[in-house]
Amino acid sequence: MTCMQLTKQEQKMLDGAEGYAVRKSMEILVALGDIYGAESLIKVGSVQVAGVSYHNLGDAGLEFLNELAKDGRVKVLTTLNPAGMDLEDWRNLGISPDFAEKQNLVIEAFRRMGILVTCTCTPYLIGNLPLYGEHIAWSESSAVTFANSVIGAKTNREGGPSALAAAFVGKTPCYGLHLDENRTPDVHVQVNVKLAKLSDWGALGYAIGKRAENEVAYITGIKTVDMDDLKSFCASVVTYGAKPLFYMKGVTPGAELQIQPKETISIEQVDIKNAYDSINDEVSDIELVCVGCPHCSINEIAKVSELIKGKAVAKGTEFWVATSRSAKQLADKRGYVEIIEKAGGKFACDTCMAVAPLKGRFKSLATTSAKGCFYSRQNNMKTKMGSMEECVEAAVTGKWKG
Ligand code: F3S
């Protein structure tokens, strides 16, 4: 028995008329709707499914997916988050054949469901681009924050199972950030800092996330920003805070129309310095340099190739460029892949430093990403965050300068 108003067709799905996967999915969606007080389900335009790495799923997760894949087929455009390895070049990243075998079974299960095996956390860069105001059901916190705050789509921060359930049903419970009344700003954040490099956006996300926590921030004072800055900021603000929605004046569609919140806080240069101090550990020898969290855009790959051209990655250090397979294909056509690989860099397509099985392999990491540092610390690595220039420098010297 549910408190939600189900249509006749939804009730039939819940009763099992469309098979096991749809029935299970309806059970998940109805349970969620009841917990959060949703009155009904709403249609979604697309789904992004996280929980793809076998490292996190284990055998129980694989079994669950195989059960669903027997008769479950997605009803809307559905894309996948990064997996635990590069699906083609996993040996080059030091992944074991046993892990690869299991990871491939996970991917096969998703493929049978009709999901596009995109394996990227930047679905909006490779063809899953929602419309302004469109309801979607995405998991992956950085992508959810980008969709809500940069594009102006509407999604809660789904977990892997609830996103998958929405894909099989084509709907999600209407609560939380699907409702306009929950999308109004709570706090005005005045930014009074100079943002000079990509990692400064991660530091800003840290500073705002820590201060605003679970409140919707209305951010002013940003002078210039590009797509790469925004994806880095989105990843950081939700990692160190909690709310996958902000309004940024000059960026978020309709930000200027929002009612000004009563509370105002400001972010000063000292907050950025404190963010770096908290994110950076005491370490100088760097064993892994990984850029691309969220996954590198074609512009970022171009920048890496320009910086590393004619140089060589230091012995004892690995340099990974994490990106989507589509971005790598594009980079290949422009000659960037050849330059980076000639220097000893490796492409980590389909995966990333957080979901690959890296625990125990590297003791230290340098990256451009505040979110990357957060998850790498959970893998027992000491972390350094800096610009793309500083990261490439660390890759070719094996040392962190400064
Ligand atoms: Fe993407 Fe992995 Fe970072 S999923 S946002 S590259 S932690």
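The structure reproduced in this document is the subject of the present report. Since this is a predicted model, take the numbers as computed values, not measurements.

1. A closer look at the pattern of salt bridges
Then comes step 1: All chains considered together, the criterion is met by 22 salt bridges.
Then comes step 2: We note a salt bridge from Glu300 to Lys231, for which the minimum N-O separation is 2.6 Å. One end of the pair, Glu300, is in helix α10 (residues 298-308); the other, Lys231, is in helix α8 (residues 227-240), with 69 residues separating them in the sequence.
Then comes step 3: A relative accessible area of 7% means that Glu300 is categorised as buried.
Then comes step 4: Since its relative accessible area comes to 1%, Lys231 is described here as buried.
Then comes step 5: A salt bridge links Arg325 to Asp350; the nearest nitrogen and oxygen atoms lie 2.6 Å apart.

2. Details of α8
Then comes step 1: Helix length check: α8 (14 residues) gives 20 Å between terminal C-alpha atoms against 20 Å at 1.5 Å per residue, within 8%.
Then comes step 2: Taken across its 14 residues, α8 has 13 buried, putting it largely inside the fold.
Then comes step 3: Put simply, Asp226 is the residue that caps the front of α8, since its side-chain oxygen is 3.0 Å from the backbone nitrogen of Asp228.

3. Description of helix α4 (residues 97-112)
Then comes step 1: For α4, with 16 residues, the first-to-last C-alpha span of 22 Å sits near the 22 Å given by 1.5 Å per residue.
Then comes step 2: Every buried residue of α4 is accounted for by Phe99, Ala100, Gln103, Val106, Ile107, Ala109 and Phe110.
Then comes step 3: Summarising the contacts, the buried residues of α4 are in contact with β2 (46-49), α3 (54-69), β3 (77-80) and α6 (160-169).
Then comes step 4: Gly114, located one to two residues past α4, shows a positive phi value of around 90°.

4. Concerning the packing of aromatic side chains
Then comes step 1: Within the structure shown, the criterion is met by nine aromatic pairs.
Then comes step 2: With a centroid separation of 4.6 Å and an interplanar angle of 5°, the aromatic rings of Tyr36 and Tyr175 are classed as stacked. Of this pair, Tyr36 sits in helix α2 (residues 20-36) while Tyr175 sits in the loop between β6 (171-173) and β7 (187-191); the two residues are 139 residues apart in sequence, bridging distant segments of the chain.
Then comes step 3: The class of Tyr36 is exposed, set by a relative accessible area of 51%.
Then comes step 4: Aromatic pair Tyr240 and Phe374: ring centres 5.6 Å apart, planes at 85°, arrangement edge-to-face. In this pair, Tyr240 is assigned in helix α8 and Phe374 in helix α13 (residues 370-378), connecting sequence segments 134 residues apart.
Then comes step 5: Take Tyr240: its relative accessible area is 13%, and that puts it in the buried class.
Then comes step 6: Following the ring pairs from residue to residue traces out a cluster consisting of Tyr206, Tyr240, Phe374 and Tyr375.

5. A look at the sheet that holds strand β9 (residues 246-248)
Then comes step 1: Spatial strand order, β9-β8-β7-β10: four strands in an open sheet with parallel pairing. Two strands bound the open sheet, and with one partner strand each, they are β9 and β10 (263-267). Here the average twist between neighbouring strands, direction ignored, is 25°.
Then comes step 2: Strand direction decides the pairing type here: β7 and β10, joined by five bridges, are parallel. Counterpart to Val191 in the pairing with β10 is Ile267.
Then comes step 3: Contacting β7, β8 (217-220), β9 and β10, helix α7 (residues 198-212) runs over the sheet at an angle of about 150° to β10.

6. Considering the environment of Ala167
Then comes step 1: Relative to the elements of secondary structure, Ala167 occurs in helix α6.
Then comes step 2: Residue classification places Ala167 among the buried positions, given a relative accessible area of 0%.
Then comes step 3: Spatially, the C-alpha atom of Ala167 lies 6.0 Å from that of Val76, the residues being 91 residues apart in sequence.
Then comes step 4: Contact partners of Ala167, with chain neighbours within four places excluded, come to Val47, Val74, Lys75, Val76 and Thr78.

7. Here's the deal with the sheet that holds strand β11 (residues 288-296)
Then comes step 1: Read across the sheet, five strands follow the order β13-β12-β11-β14-β15 without closing on themselves; strand pairing throughout is parallel. Strand pairing shows two members of the sheet lacking a second neighbour, β13 (346-349) and β15 (382-385), which therefore form its edges. Between one strand and the next, the sheet's axes are offset by a mean angle of 25°, whatever the strand orientation.
Then comes step 2: Here strand β12 (residues 318-323) pairs with β13 via four bridges, running parallel. Paired with Trp320 across the two strands is Lys346, which belongs to β13.

8. A short note on the site of the ligand
Then comes step 1: Neighbouring the ligand are Pro82, Cys121, Glu140, Ser142, Gly292, Cys293, Pro294, Cys352, Ala354 and Lys371.
Then comes step 2: In terms of residue count, the dominant contributor to the shell around the ligand is β11 (three residues).

9. What to know about the nonpolar core
Then comes step 1: Ranked by internal contacts, the top residues of the largest apolar core, which has 45 residues, are Val47, Phe110, Met113 and Leu164.
Then comes step 2: Mapped onto this core, the elements with two or more residues apiece are β2, α3, α4, α6, β11 and β12.
Then comes step 3: No other element matches the six residues that α4 contributes to this core.
Then comes step 4: Apart from the residues within four sequence positions on either side, Met113 is in contact with Leu65, Leu68, Ala69, Gly72, Arg73, Val74, Leu164 and Phe168.
Then comes step 5: Among the nonpolar cores identified, the runner-up in size contains 41 residues, and Val150, Val187, Ile208 and Leu230 belong to it.

10. Brief notes about the environment of Lys194
Then comes step 1: Checked against the element boundaries, Lys194 lands in the loop between β7 and α7.
Then comes step 2: Spatially, the C-alpha atom of Lys194 lies 14 Å from that of Ser387, the residues being 193 residues apart in sequence.
Then comes step 3: The contacts of Lys194, once residues within four sequence positions are left out, are Asp200 and Gln269.

Quick notes on the rules
Residues numbered from 1 in each chain as written. Predicted model: local features only at pLDDT ≥ 70, side-chain atom pairs only at ≥ 80, totals over all residues. Heavy atoms only, no water. Salt bridge = Lys/Arg side-chain N within 4 Å of Asp/Glu carboxyl O. Helix = DSSP H or I, 4+ residues; strand = E, 2+ residues; numbered from the N terminus. Buried < 20%, exposed > 50% of the residue type's maximum accessible area, 1.4 Å probe, protein only. Expected span 1.5 Å × (residues − 1). Polar contact = N/O pair within 3.5 Å; in protein donor to acceptor, adjacent residues only side chain to side chain. Contact = heavy atoms within 4.5 Å. Phe/Tyr/Trp six-rings, centres within 6.5 Å; stacked < 30°, edge-to-face > 60°. Pairing = 2+ DSSP bridges. Axes fitted to C-alpha atoms, helices over the stretch in contact; angles between N-to-C directions. Near = heavy atom within 4 Å. Core = buried A, V, L, I, M, F, W, Y, C linked by side-chain atoms within 4.5 Å.

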